[in-house]
Structures are given as C-alpha cells and as structure tokens.
Amino acid sequence: MAELFAKLDALPVTLKHLLMGLLPGATPEWLVSVVSAVLTITPILAVFPLMFALTTVIERKGLGRIQNRIGPNRVGIPLTDIRLYGFGQFIADGIKSLIKEDVVPRAADKVVHFLAPIALLIPVLLTYSVLPFGKSMVPLDLPQTGLLFFFAVGASTELSVFMAGWSSRNKYSLLGAMRAIAQMVSYEIPLILSSLTVVMITGTLSLTAIVQSQSGVHFGFLHNWHLFTPWGLVGFFLFLTAAAAEANRTPFDLPEAESEIIAGYFTEYSGFKFAIFFLAEYLGLFAMCGLGITLFLGGWLPPLNIAPLTWIPSWCWFLGKLSALIVLFIWLRGTLPRLRTDQLMAFAWKFLLPMTLINLVVAALWYLLRDSLPLYARWPLCFAMLAVPYWLLGRGFEAKFTKREYRYA
Amino acid sequence: MLGTGILKGMLETAKNFAGSYHDPARLTTVEYPEQRIASKENARQFPFLVHDTEDPMKGLRCVACQICEKECPPQCIYIVKSKDKRADYKGQMQLYPVTFDIDLSVCMSCQICVEVCPFESIKMDTEFELSNTDRFGGLLVNKHQLAKSNDHYRKIHPSEAAASDAALAVEVAKAQAKAKADVEAKAKAAAEAKAKADAAAAATPVGAVPSAPQPSSPATGPAAAPAA
C-alpha cells in the first residue's frame, strides 16, 4: 500500500523521466536540457493559471455567501441546461477578455504600456522556479540562493507596476502606481525580515533544505514545522500580513482601490492586458503563499507523521495547504475594509517592522537556549517575549471611537 | 488587544457564510426566471382595458370619453371615437373606442388614467415582463392587446376589483331604479291623463279624440330591457 502511494508521490517525476526517455539517443545535449526545462515548466504553467481561474470563481462564490448572496451560478456548458454550479464562469470571462478591444490611450507611452503586463507576469512566474512543490519536485534547486532569488525576482514586480502607472498618462493610474510603490517597498522589509528568522535557524537559503529541516519529529508524531515555534508562529502571521500587502490583497488593496482611484495602476488597461494583470496578481499571491508554506508550514510535509497522512502524495499536501491559505485570504477579503494610506504606512513602520526585529532577536534566543533550557520553559519564555511587545505596540492601533460631531456649513 | 476586532469580524463573516447554506432568513435571494414571488396586491405596471363579456371588443367598458387621454401626463394614450353608439353594461347607448393605443415606451405607470376614469374601464395590470423585440410597433399597445377581462382584474387586485364591482352594481341599481321610476311615473302620468281625458270626455260632447297614452310607449322601451 505504502509503496503504491510512494509511486503516486513520485508520479510527476516519473512521468517526466518517461517522456525524456522518448528522446532519441543521438539528441544533442542542449536540446535535452531544453526539453527537460519545457517539461518542467509546462505543469507549472498549467496548474497555477488553472488554479487562478478556479480561484476567481470560488472567490466570487465565497464572497457572495459571506454577503448572504448566492454568487455566480449560471455559466455552465453553453447551449445546454447544465450549469456546473457556475464553474464555467472563468472560461466565459477568459473568452470575453480575449475578444475585447485593446484600448491604448493616445497620450500613453505605447512601448512601456505594452511591456508593463509582460514585465509583471514574467518575474511572478520566475518565482515559481525555486518553490519545492513536492518531494524532489523543485524546478530549479538553488542551494546557495533559493530564497534570495525569490525575493530578488519578486521585488521587480514593483518596477512593472510603476511602468503601468506611469505609461498610462492617467492621474488615477499614476496615483495607484505611487501608492503601490510606497506600499510594496514598505512591506518588503517586514516580509524579508520575517523570513530571515527561518534562515537564521536553518542556516540555509535553499528552500528544499528549509523544508527538509522541518521534517524532524516532536513527541513521535508532530512534525517540526517552524509554525510550532513561538518565533515561527508570530513570524508566519507577520509574513502573511506583509504578503497580503505585497500581493495587493484586501485590506491592503489601496493601489487598485475601486471606490477611490478606479482600478489604480491598471485603469488604462483593457482586454487581455487587463487579464494578464489580474492573472499576475493572483499568481503573485499564490507564490507568496507557497513561500509561506515552505518557510513556516513544512512545505510538502504532512502535519502529523502517522501512516495514512504520510501516504498522501507530497504535492497534494503542498496544493492543499496552498488552497487553505487562498481560502483564508478570500475570507479576509470578505471581512476587512480597506485601510487608509496613513494607516497602512503607520502599520508597516510602527508595528510590523519592530515586531519583525523583535522576532529576529527571539529567534536568536530560541537558538542559543536550545541546550540550556528545556522546551516547556523555552517555549513560554520566547512566546512571552513576543506577546508583550505585540500588546504594547498594538495599543496605538486600536480603534478609538469618539462621538463624531457633524458640522453643517 | 490588536487583532481581536479582526477575529470578531471573521467570526461574523463565517456565520454569514455557513448561515447562507441553511438559513433562509439569511439567504433571501430569489433566482428570478425560475423562481418567482407572487406580485403584491398593490403592484402596478401598465394599464389595461376592462371588458365584461366573452368577446373583448364588444364588452369594453370604455366609452371613448378621452378624459384619460387628456389627463395623461406624458401623453401616451391615443383614442379615436366611434361614429355609432352601442349599449353599455347598464344599457345606456354610448360611444366606444375604434382605436385605443398606449405607447409602452412613454407610459410612466402613474395610474392617473385609472383615477380619472368615471367608467371603471381602465385599470393597472401587474404584468412586468413587457420587453419586446420590435421597438417601434411592438411598444405601441393596441386595444386588442390592452383588453383584459374583469375576472383578470379580480384576480390581480381582489379588493380594488370588489370596490369597483360594488360601484358598478350601485350604478346599475340606480339605472334600474330610475327606469322603474320612469315607467311608474309614465304609467301614473298616463293613468292621470286617462282619468283626466275620461273626465273631459264625460264633460265634453261625445266624439272628442283622446290623446293621452301616446308619450308612454318610447320611454319604457330601451332603458329597462337590457339592464337585467
């Protein structure tokens, strides 16, 4: 039984080897590597955009239910009465954006305007190359620079966002782009600092090695996920907050605030370019969630090291955790209102940044005390060292309700 | 503490999410083309012409008085009077509309035509699916399309229709009473005239011509007979 599941686990890898074996023996070396790369990229390009498509429907249905509506449930198979619970919606949306007119403003910088969506999508797709999706399933294993590569490539999305906003020659686009730059630069710091704790503890930048480091077992069954340590727990939530801001998700969706600045930096994009922005945004979110899973949630490892859970293929675990995080983000979107720009900045610099710095210190302490203090003493101590500053720093951000006085002119 | 508000909010949205699957009070959506709510009694959409008989064109209550046409604020009613007359529900001879058109695209559903009509002949319908593929001819509704039976009116606006029927019954009763009174008055007048004539005959020399019963015959005829 376990062997069968092990085969299922290695199925994508086996499939690739099988296809590679079909190449004739006399194939030149460069062609082999090209075919190998294409075979690795294709499933990523198939799975994650499909996941994006399904997420758009699930998000709309979920938000509908949160707002006591039904959500999209009409589009199914055309010319029949089969509705598929509305899951044909994304195909209709895709066709619509493909055949829509592509309007470019007359005053726009046409080259930059054209390049911006491409320059956004490519780095986002590149971030997937270092994520370990399963056991020995990492497209590009960079033992020295995995995490660094992710952040370096991911940070270049800011440039393309600004390209879009600037080249549109539209004040709302520019406002959106300025907001996006301010927000993404501010939140990049807590994002990187919160992931840095993991690097400190594991001593490696390789994402596969980080997943491996979480495979140790506590009490015989509980995996050694970083989430189960005090610095990991706090770090994970700091990471999620910063990731939501990086991905322009509610409550940090100021760069594209519909009620304020139309659609922000992609106001002047229509048709398929708009769809690419939409796609890149969601793929960016998935990549961020994937990184969070890798760093804190044990990557493709099951939560408990007991038999039926370990049989489930590792890539299923990764996709399952990813789906859970996506659901969490949809839930948050249905709950939280949008922040104001000053609140956003204050939250980044006055709360997230100090918390991540304190978290670094606590992670260091956790590492240094590993031999001198037993776990049951070390855990509460480190947790208290994080909870007290959380409470102190958080006091300034609590809603202060005062009776509002209305003045009429 | 910071974050408790977020957790409370998330609990609330989770309640909504779960509740929308089992609590009909939360999910009030009616999926319209398949599911429908019965229309409210005081709903109104577009006027129709009431008729009383099997043949809609013969039984139209409308007497082409053109009050509605004149009162209509957006001027969407167009009426052409008939040259001849026909008996109405209480047997009175009345004109009738040869043409009665309402422009659907102009009508603003104000119900003023209904309120000014003294003959209970134009009422508001609750039908709201009035879209049409022909935006010129199709939106000009003629009297054949407008005519709907009084039973239909009773069905869509029961209490209003009851009031209308009662008012008409009063009219009919009045007309009958008047006819009866007329007949009696005529008969009495005839009797009196006869008595007077007899008395005169007695007084005057034999051979004088009696002239009294002549006016009674046209008065009794058309007024009383169709009322039943």
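Residues numbered from 1 in each chain as written. Chains lettered and ligands numbered in written order. Predicted model: local features only at pLDDT ≥ 70, side-chain atom pairs only at ≥ 80, totals over all residues. Heavy atoms only, no water.

**Considerations on the overall build of chain B**
The helix and strand inventory of chain B stands at 7 helices and 8 strands. Accessible surface, chain B: about 14,300 Å² in total, of which carbon and sulfur atoms supply 59%. (Helix = DSSP H or I, 4+ residues; strand = E, 2+ residues; numbered from the N terminus. Areas by Shrake-Rupley, 256 points an atom, 1.4 Å probe, with all protein chains shown as cover.)

**Observations regarding the interface of chain A and chain B**
If you look at the interface, chain A gives 22 residues, while chain B gives 17 residues. Roughly 1,700 Å² of surface becomes buried between chain A and chain B when both sides are summed, with 63% attributable to carbon and sulfur atoms. Joining chain A to chain B, the criterion identifies 3 salt bridges. Across the pair E34 of chain B and R74 of chain A runs a salt bridge, and its minimum N-O distance is 3.2 Å. One can count 9 residue pairs in polar contact (both at pLDDT 80 or more) joining chain A with chain B. Among the elements that line the side of chain A that touches chain B, the one with the most residues is helix 14 (residues 314-335) of chain A, at 5 residues. (Contact = heavy atoms within 4.5 Å. Buried area = accessible area lost by both parts, 1.4 Å probe. Salt bridge = Lys/Arg side-chain N within 4 Å of Asp/Glu carboxyl O. Polar contact = N/O pair within 3.5 Å; in protein donor to acceptor, adjacent residues only side chain to side chain.)

**Remarks on the sheet that holds strand 1 (residues 46-51) of chain B**
Residue and element names in this part refer to chain B. Reading across from one edge, 6-1-8 is the order of the 3 strands in this open sheet, with mixed pairing throughout. Where the open sheet ends on each side, the last strands, each with one partner, are strand 6 (122-125) and strand 8 (147-149). Direction aside, neighbouring strands of the sheet carry axes that sit 55° apart on average. Two strands pair when backbone bridges link them, and strand 1 and strand 6 are joined in this way by 4 bridges, in the antiparallel orientation. From the neighbouring strand, F46 faces strand 6, where its bridge partner is D125. (Pairing = 2+ DSSP bridges. Axes fitted to C-alpha atoms, helices over the stretch in contact; angles between N-to-C directions.)

**Description of the domain arrangement of chain A**
Residue and element names in this part refer to chain A. You can read the domains of chain A as domain 1 (31-99) and domain 2 (109-400). For domain 1 versus domain 2, the distance between C-alpha centres works out to 24 Å. Every contact between the two is made by 16 residues of domain 1 and, on the other side, 21 residues of domain 2. Taking both sides of the interface into account, the surface hidden between domain 1 and domain 2 amounts to around 1,700 Å²; carbon and sulfur atoms contribute 85%. The three residues of domain 1 that bury the most area against domain 2 are F48, F52 and E59, which together make up 36% of that side's buried surface. Inspection of the region where domain 1 meets domain 2 yields 2 salt bridges. Put simply, domain 1 and domain 2 have 4 residue pairs in polar contact (both at pLDDT 80 or more) between them. At the level of secondary structure, the elements contributing two or more residues to the side of domain 1 that touches domain 2 comprise helix 3 (29-66) and helix 4 (89-99). A total of 14 residues in the side of domain 1 that touches domain 2 trace back to one element, the largest contributor, which is helix 3. A class-by-class count of the residues in the side of domain 1 that touches domain 2 yields 11 nonpolar, 4 polar and 1 charged. (Domains from an automatic or database assignment. Nonpolar A, V, L, I, M, F, W, Y, C, P; charged D, E, K, R; others polar.)

**As for unusual backbone geometry**
All names here are of chain A. The step from T250 to P251 runs through a cis peptide bond, and the omega angle for that step is 0°. Assignment of secondary structure puts P251 in the loop between helix 10 (230-246) and helix 11 (258-261). The backbone phi angle of I262 is positive, close to 60°, even though this residue is not glycine. Looking at the element boundaries, I262 is found in the loop between helix 11 and helix 12 (271-296).

**Some details on the nonpolar core**
Counting residues in each nonpolar core, the largest one holds 88 residues, and the members touching the most others are F48, Y128, Y187, F286, L291, L295 and L322 of chain A. Sorting elements by how many residues they give to this core places helix 12 of chain A first, with 15 residues. The residues contacting Y187 of chain A, other than those within four sequence positions of it, are A242, A245, E246, F252, L344, F347, A348 and L352 of chain A. Among the nonpolar cores identified, the runner-up in size contains 24 residues, and C68, C117, M124 and L139 of chain B belong to it. (Core = buried A, V, L, I, M, F, W, Y, C linked by side-chain atoms within 4.5 Å. Buried < 20%, exposed > 50% of the residue type's maximum accessible area, 1.4 Å probe, protein only.)

**Focus on the packing of aromatic side chains**
Inspection of every chain in the model, using the stated rule, returns 26 aromatic pairs over all chains. On the numbers, 5.9 Å between centres and 90° between planes, the contact of F150 of chain A with F151 of chain A is edge-to-face. With a centroid separation of 5.6 Å and 65° between ring planes, the pair formed by F17 of chain B and Y21 of chain B is classed as edge-to-face. Here F17 of chain B pairs with Y21 of chain B, and both are found in helix 1 (residues 4-22), just 4 residues apart, close to one helical turn. By relative accessible area, Y21 of chain B is classed as exposed at 53%. Here a set of aromatic residues connected by ring pairs shows up, and it is made of F52, Y265, F266, Y269, F274, F277, F278, Y282 and F286 of chain A. The aromatic ring of Y21 of chain B is capped on one face by R65 of chain A, whose charged end is 4.0 Å from the ring centroid. Over the ring of W366 of chain A we find R378 of chain A, and its NZ or CZ is 4.1 Å from the ring centre. (Phe/Tyr/Trp six-rings, centres within 6.5 Å; stacked < 30°, edge-to-face > 60°. Lys NZ or Arg CZ within 6 Å of the ring centre and 35° of its normal.)

**Quick word on the confidence of the model for chain B**
Low pLDDT means the predicted atomic positions in that stretch should not be read closely. Scored by pLDDT, chain B has a mean of 84; 89% of the residues are at 70 or more. Here the predicted complex carries an ipTM of 0.82, next to a pTM of 0.79. (pLDDT = per-residue confidence, 0-100.)

**What about empty space enclosed by the protein?**
According to the stated counting rule, one finds 5 cavities of 30 Å³ or more in the structure shown. Estimated volume of the largest cavity: approximately 240 Å³. Lining of the largest cavity is provided by 19 residues; of these, V124, T157, M184, E246 and G284 of chain A occupy positions nearest its centre. Considered as a void within the structure, the second largest cavity measures approximately 90 Å³ in volume. As for the second largest cavity, its lining consists of 15 residues, of which C72, C76, C107, C110 and C113 of chain B are closest to the centre. A class-by-class count of the residues in the lining of the second largest cavity yields 13 nonpolar, 2 polar and no charged. (1 Å grid on protein atoms, 1.4 Å probe; cavity = no way out; pocket = protein on both sides within 12 Å on 5 of 7 lines; lining within 4 Å. Points joined across faces, edges and corners; volume = space filled by probe spheres on them.)

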